[in-house]
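# Secondary and tertiary structure notes
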Amino acid sequence: MPDPLSLNVQHLRPSETVAISNETKRRKAAGEDVYDLSVGEPDFDTPAPIAQAGIQAIQKGMTRYPPNAGLAELRQAMAADLSRMSGGRPVNPDHLVVSNGSKQAIFNACMVLFGPSHRVLIPGPAWVSYPQIVHLTRAEPVIVHGDPEWGLKVSVKDLEQHHTTLTKGLILCSPSNPTGAVYTLTELRAIAEWAARHEIWVIADEIYRRINYGPKPAPSFLDLPDELLERVVLIYGASKAYAMTGWRIGAAMAPPHVARAIAAFQSHTTTGANHVAQWAAVTAFSDPRVAEDVDRMVAAFRRRRDHVVSRFRAEAPGIEFVEPHGAFYFFFRVDGVRQGLTGTEFCAQLMQQEGVALVPGAAFADDRWVRMSYAVSDRELEAALDRILRLVGRLSAAAA
Ligand SMILES: Cc1ncc(COP(=O)(O)O)c(C=O)c1O
């Protein structure tokens, strides 16, 4: 018998989405005809001015340890970007800590705020890593299921039902992975007021904020007044909107004492984010040419979103789905395609019979649903949609 591992990892499971993506890559490498719509990663290359800034940083020798909490230039550029998106509201760069991706920013925030005996509410369906990260702090993740009639979003009433004296936090993601739903400012305000009343910390994951199909970036906690931000850690980053997933740049914006604790914690784990990537990210958040590239990418995601929605409406009218308003995910329900069909069964059949990888809702705590990412080329999206809708058609006909 090998030695048991630490209690720290008693709930640890590898990320399901990463596992599905690896399996799809393996099949592709073996020459199989497969489409991968499982990953949450833009299909676009990093915009050229950002890549150029990275190359220049290497050439200029920016290859030593970075400042632990992030380059002053990067925190300044991120603060200015956050301020711009929220109508010029002041954002203090000293309250930002830059990390290796927003995933590390979320982990840092949870580690400094939550611990044994705490309960942390997570609206479900939820991104795979939230419950795992909460477990790593030895707190207890509590999934609060959202209302299908309401884009699977949660209301204050839902949160109140799960609230106890041990509730210490809430992790809210908008625009949402996996559903694409976006909370309105009124909804965010109600949740922020509820959390403030109960002295609950909110980790507001706004990594997809810029990928919003309304006229502006998605509503944000930063659009709320200061008094509602006293217990809010805002998560932001470069991965999704700037097509920079591999550069690993994210950030947490927190009240000063929490930002200091996050920086201290990070100083003992990673010594800050990759130095070269930080210089590249300065260009991402401040260069107007990049802002135009981001607009173009968001427009492409919007066009694909419209296409997916219209094909599902026309060719699978009985299928329920969450109206996607942001991010690049389409979340549809399969338990009605054939009575009791699970997302896991649907995805297994889809891979075996049609060679398309999607993510079963089980990965997000609700296996009645399936997530499709449309951050793939138009050609791949069209071919994959043909196959997905073909399977839906076959299953529906067999059930009729
Ligand atoms: C909701 C959500 N938050 C955070 C992340 C982490 O992104 P990164 O660490 O690349 O910034 C992801 C990535 O898939 C995500 O979907």
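Just so it is clear, the structure is predicted and the values come from calculations on it, not from any experiment. (Residues numbered from 1 in each chain as written. Predicted model: local features only at pLDDT ≥ 70, side-chain atom pairs only at ≥ 80, totals over all residues. Heavy atoms only, no water.)

For the rest of this paragraph, the subject is the sheet that holds strand 11 (residues 359–360). Overall, antiparallel pairing links the three strands, which are arranged 9-12-11 in an open sheet. Of all strands in the sheet, those with a lone pairing partner are strand 9 (329–333) and strand 11, marking the two edges. Pairing between strand 11 and strand 12 (residues 369–373): two bridges, direction antiparallel. In the sheet register, Val 359 faces strand 12, and the bridge partner there is Arg 371. (Pairing = 2+ DSSP bridges. Helix = DSSP H or I, 4+ residues; strand = E, 2+ residues; numbered from the N terminus.)

This brings us to the site of the ligand. Around the ligand sit 14 residues, and of these Ser 102, Asn 177, Asp 205, Ser 239 and Lys 240 come closest. With respect to the ligand, the backbone of Lys 103 contributes an N or O atom lying 2.9 Å from an oxygen atom. Contact distances for the ligand include 2.7 Å between an oxygen atom and a side-chain N or O atom of Lys 240. Contact with the protein chains hides 92% of the accessible area of the ligand, taken as 400 Å² for the molecule alone. Taking a 2 Å distance to the grid points as the criterion, the majority of the atoms of the ligand fall inside the largest pocket. The leading source of residues in the shell around the ligand is helix 4 (residues 101–113), at four residues. Tallied by class, residues from the shell around the ligand come to six nonpolar, four polar and four charged. (Near = heavy atom within 4 Å. Polar contact = N/O pair within 3.5 Å; in protein donor to acceptor, adjacent residues only side chain to side chain. Areas by Shrake-Rupley, 256 points an atom, 1.4 Å probe, with all protein chains shown as cover. 1 Å grid on protein atoms, 1.4 Å probe; cavity = no way out; pocket = protein on both sides within 12 Å on 5 of 7 lines; lining within 4 Å. Sits in = over half its atoms within 2 Å of the grid points. Nonpolar A, V, L, I, M, F, W, Y, C, P; charged D, E, K, R; others polar.)

This part covers the sheet that holds strand 7 (residues 232–237). The strands making up a sheet associate through hydrogen bonds between their backbones, and the pairing can be parallel or antiparallel. Strand order in the open sheet made by the seven strands is 2-8-7-6-5-3-4, with mixed pairing throughout. Unpaired on one side and paired on the other, strand 2 (96–99) and strand 4 (140–145) mark the two borders of the sheet. Each strand axis lies, on average, 20 degrees off the axis of its neighbour in the sheet, ignoring direction. The pairing of strand 3 (residues 119–124) with strand 4 spans six bridges and is parallel. (Axes fitted to C-alpha atoms, helices over the stretch in contact; angles between N-to-C directions.)

A few words on empty space enclosed by the protein. With the rule as written, the count across this model stands at one cavity of 30 Å³ or more. As a volume, the largest cavity reaches approximately 130 Å³. Surrounding the largest cavity, 18 residues form its lining, Pro 123, Pro 125, Cys 173, Ser 176 and Tyr 183 being those nearest its centre. Across the lining of the largest cavity, the residue classes tally to 12 nonpolar, five polar and one charged. (Points joined across faces, edges and corners; volume = space filled by probe spheres on them.)

Taken domain by domain, the protein chain consists of domain 1 (7–45 + 291–399) and domain 2 (48–286). For domain 1 versus domain 2, the distance between C-alpha centres works out to 25 Å. Across the contact, 41 residues belong to domain 1 and 34 residues belong to domain 2. Summing both partners gives a buried area of about 3,100 Å² for domain 1 against domain 2, and 59% of it is carried by carbon and sulfur. The interface formed by domain 1 and domain 2 includes one salt bridge. Inspection of the region where domain 1 meets domain 2 yields 16 residue pairs in polar contact (both at pLDDT 80 or more). Among the elements of the structure, helix 1 (16–29), helix 10 (288–315), strand 9 and strand 12 are those that each provide at least two residues to the side of domain 1 that touches domain 2. It is helix 10 that contributes the most residues to the side of domain 1 that touches domain 2, nine residues altogether. Of the residues contributing to the side of domain 1 that touches domain 2, the split by class is 21 nonpolar, seven polar and 13 charged. (Domains from an automatic or database assignment. Contact = heavy atoms within 4.5 Å. Buried area = accessible area lost by both parts, 1.4 Å probe. Salt bridge = Lys/Arg side-chain N within 4 Å of Asp/Glu carboxyl O.)

What follows covers the packing of helix 3 (residues 72–85) against helix 9 (residues 275–286). Interaxial distance between helix 3 and helix 9 falls to 9 Å at its minimum, and their mutual angle equals 25 degrees. Here helix 9 runs roughly parallel to helix 3, going by the angle between their axes. Seen from above, helix 3 lies across helix 9 with left-handed handedness. Residues Glu 73, Leu 74, Ala 77, Met 78, Asp 81 and Arg 84 of helix 3 form the contact with helix 9, whose participating residues are Gln 278, Trp 279, Ala 281, Val 282, Phe 285 and Ser 286. Classifying every residue of the contact of helix 3 with helix 9 by side-chain character gives seven nonpolar, two polar and three charged. (Parallel < 35°, antiparallel > 145°, perpendicular 65-115°, else oblique. Left-handed = near helix turned anticlockwise from the far one by under 90°.)

This paragraph deals with the environment of Arg 89. Positionally, Arg 89 belongs in the loop between helix 3 and strand 2. A relative accessible area of 15% places Arg 89 in the buried class. In this structure, the C-alpha to C-alpha distance between Arg 89 and Leu 222, residues 133 residues apart in sequence, is 7.9 Å. Residue contacts for Arg 89: discarding those within four places in its chain leaves Ser 83, Leu 222, Leu 224, Pro 225, Asp 226 and Leu 229. A polar side-chain atom of Arg 89 sits 3.2 Å from a polar atom in the side chain of Asp 226. (Buried < 20%, exposed > 50% of the residue type's maximum accessible area, 1.4 Å probe, protein only.)

Here we come to the nonpolar core. In globular proteins that are soluble, nonpolar side chains generally tend to be buried together. Within the largest apolar cluster, 94 residues are counted, with the highest numbers of intra-cluster contacts made by Phe 221, Tyr 242, Phe 312, Phe 332, Phe 346, Leu 358 and Met 372. The leading source of residues in this core is helix 12 (residues 378–399), at nine residues. A domain split of this core shows at least three residues from each of domain 1 (7–45 + 291–399) and domain 2 (48–286). Not counting residues up to four positions away in its chain, the partners in contact with Tyr 242 are Thr 46, Pro 47, Ile 50, Asp 81, Tyr 236, Gly 237, Ala 284, Phe 285, Val 290, Val 294 and Met 297. (Core = buried A, V, L, I, M, F, W, Y, C linked by side-chain atoms within 4.5 Å.)

Further remarks concern the packing of aromatic side chains. A full pass over the atoms with the stated rule returns 16 aromatic pairs. Following the ring pairs from residue to residue traces out a cluster consisting of Phe 44, Tyr 208, Phe 301, Phe 328 and Tyr 329. In this structure, Lys 153 is placed above the aromatic ring of Trp 150, and the distance from its NZ or CZ to the ring centre is 5.6 Å. Here the guanidinium or amino end of Lys 153 rests over the ring plane of Tyr 183, the centre of that ring lying 5.5 Å away. (Phe/Tyr/Trp six-rings, centres within 6.5 Å; stacked < 30°, edge-to-face > 60°. Lys NZ or Arg CZ within 6 Å of the ring centre and 35° of its normal.)

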